[in-house]
Amino acid sequence: MTTTTLEHHLEAQQAAGAISASLRRVLETTASACVRISQLVGQGALGGVLGSAGSENVQGEVQKKLDIIANDTLMAAHQGGSVAALASEEMDAICPVPGGEACEWLLLFDPLDGSSNIDVNVSIGTIFSVLPRTGTGPVTEAEFLQPGRQQAAAGYCIYGPQTMLVLTTGCGVQVFTLDRNSGRFLLTQSALRVPEDTKEFAINMSNSRHWAPPVRRYITECLLGKDGARGKDFNMRWIASMVADVHRVLSRGGIFMYPWDKREPNRPGKLRLMYEANPMSWLVEQAGGAATNSQQPILDIQPAALHERVSVILGSKNEVERVTSYHNEEKQGV
Ligand code: P6P
């Protein structure tokens, strides 16, 4: 039985020079906020935290009470710590931390991803990304607009049958499971790896008539199974909670896709680059997988706006490369 706590793990990373003391504080503070969110999520109807908050976020989506509670929990935890400013899916603008200008870190998060699943008791999660400050003085939104490759740390906390924290600081991917007795995260996997091949795909099939041809080609081949070009049968999963779907991909392989579709042709995709796709993409790459927007690695994208969206194809390396090659073939008219 493991006894390595998240704190022990981060202390060892700091001692080895992999992370600084201030980055360690950011991660420990975020993790403790996630423990609190896990407690609140776990109360469900008993805590009066279910249902709609009667408001909309910057995305134009109806906010759930827990969306706002999770956001407020993370915001409150990071006042007066090591973060200079915060950005959230639930907030239009960035939020500088009073007195935090000298801090070296920027924290971005989706406080409760998959919130449409909250009221039906399906796994949801908090996704977070840490970027370095690139300037001095008052923090501006422009300072957040860094490619995902600049991340210093990224992770998520999934609130499911277990509450688990999945984290990377660039030294592979570690998994911690919340010990509810002690309230501490204990290390349960020290080097998560994504199998390069898979027989499992995740996509919302109800959108199939709207997909681009390369996506339709790929999924059609998966559906034809061993009777088609792939010569093997595939399974499908779609939880409609990115944290849960990506956690499955990280845990046993698979390909997760939320691609561009023609419902909103000017929108690259549904998922947000800065605080969903970038952290998940770094985790997947650090675990030996791949993540592209069908044209290039997601982590190489230069953001133009804080809440911009992106097409996401991530998971088992060989499958992601196959989908990307189909898009390239279409571009070249093959
Ligand atoms: P759809 C949840 O609302 C979310 O942002 C992701 O967590 C999830 O992968 C996706 O949207 C599900 O979208 O269109 O299938 O409901």
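Here the structure is shown first, and the text comes after it.
Reading the values: the criteria
- Residues numbered from 1 in each chain as written.
- Predicted model: local features only at pLDDT ≥ 70, side-chain atom pairs only at ≥ 80, totals over all residues.
- Heavy atoms only, no water.
- Helix = DSSP H or I, 4+ residues; strand = E, 2+ residues; numbered from the N terminus.
- Rg over C-alpha atoms; globule rule 2.2 N^0.38 Å.
- Buried < 20%, exposed > 50% of the residue type's maximum accessible area, 1.4 Å probe, protein only.
- Pairing = 2+ DSSP bridges.
- Contact = heavy atoms within 4.5 Å.
- Axes fitted to C-alpha atoms, helices over the stretch in contact; angles between N-to-C directions.
- Near = heavy atom within 4 Å.
- Polar contact = N/O pair within 3.5 Å; in protein donor to acceptor, adjacent residues only side chain to side chain.
- Areas by Shrake-Rupley, 256 points an atom, 1.4 Å probe, with all protein chains shown as cover.
- 1 Å grid on protein atoms, 1.4 Å probe; cavity = no way out; pocket = protein on both sides within 12 Å on 5 of 7 lines; lining within 4 Å.
- Sits in = over half its atoms within 2 Å of the grid points.
- Nonpolar A, V, L, I, M, F, W, Y, C, P; charged D, E, K, R; others polar.

## Describing the overall build of the protein
In step 1: Helix and strand content of the protein: 8 helices and 17 strands.
In step 2: In summary, the protein has a C-alpha radius of gyration of 19 Å against a globular reference of 20 Å for 334 residues, a match within 12%.
In step 3: Considering only C-alpha atoms, the protein reaches an extent of 60 × 45 × 45 Å along its principal axes.
In step 4: Out of the 334 residues belonging to the protein, those deemed buried represent 56%.

## Remarks on the sheet that holds strand β11 (residues 200-202)
In step 1: Pairing within the open sheet is mixed, and its 5 strands lie in the order β12-β11-β13-β17-β15. Strands with a single pairing partner mark the edges of an open sheet, and in this sheet they are β12 (235-236) and β15 (290-292).
In step 2: Summarising the sheet, β11 and β12 pair through 2 bridges and their orientation is parallel. Residue F201 lies in a different strand from β12, and its bridge partner there is M236.
In step 3: Its contacts with the sheet place helix α8 (residues 317-331) against β13 (255-258), β15 and β17 (312-315), and it is angled at close to 150 degrees to β17.

## Considering the sheet that holds strand β9 (residues 174-179)
In step 1: In space, the 8 strands of this open sheet follow the order β4-β3-β5-β6-β7-β8-β9-β10, with mixed pairing throughout. Of all strands in the sheet, those with a lone pairing partner are β4 (95-96) and β10 (184-189), marking the two edges.
In step 2: Bridge analysis of β9 against β10 gives 5 bridges, and the strand direction is antiparallel. Of the residues in β10, the one forming a bridge with V175 is Q189.
In step 3: Across the sheet, helix α1 (residues 6-15) touches β8 (163-168), β9 and β10, and the angle it forms with β9 is around 150 degrees.

## Description of the site of the ligand
In step 1: Near the ligand the following residues occur: D113, G114, N204, W238, A240, S241, M242, F256, Y258, K270, L271 and R272.
In step 2: Between D113 and the ligand, the recorded distance is 2.9 Å, taken from a side-chain N or O atom to an oxygen atom.
In step 3: K270 places a polar side-chain atom, nitrogen or oxygen, 3.0 Å from an oxygen atom of the ligand.
In step 4: For the ligand, whose free accessible area comes to 400 Å², the fraction covered by protein is 84%.
In step 5: One can see that the ligand is located within the largest pocket.
In step 6: Residue assignment for the shell around the ligand shows that the elements contributing at least two residues are β13 and β14 (271-272).
In step 7: Class assignment of the residues belonging to the shell around the ligand gives a composition of 6 nonpolar, 3 polar and 3 charged.

## Focus on the environment of H307
In step 1: Its location among the elements puts H307 in the loop between β15 and β16 (309-310).
In step 2: Reaching out from H307, the side chain makes a polar contact with the backbone oxygen of D92 at a distance of 3.0 Å.

Spatial relationships are all this shows, so hold off on functional conclusions.
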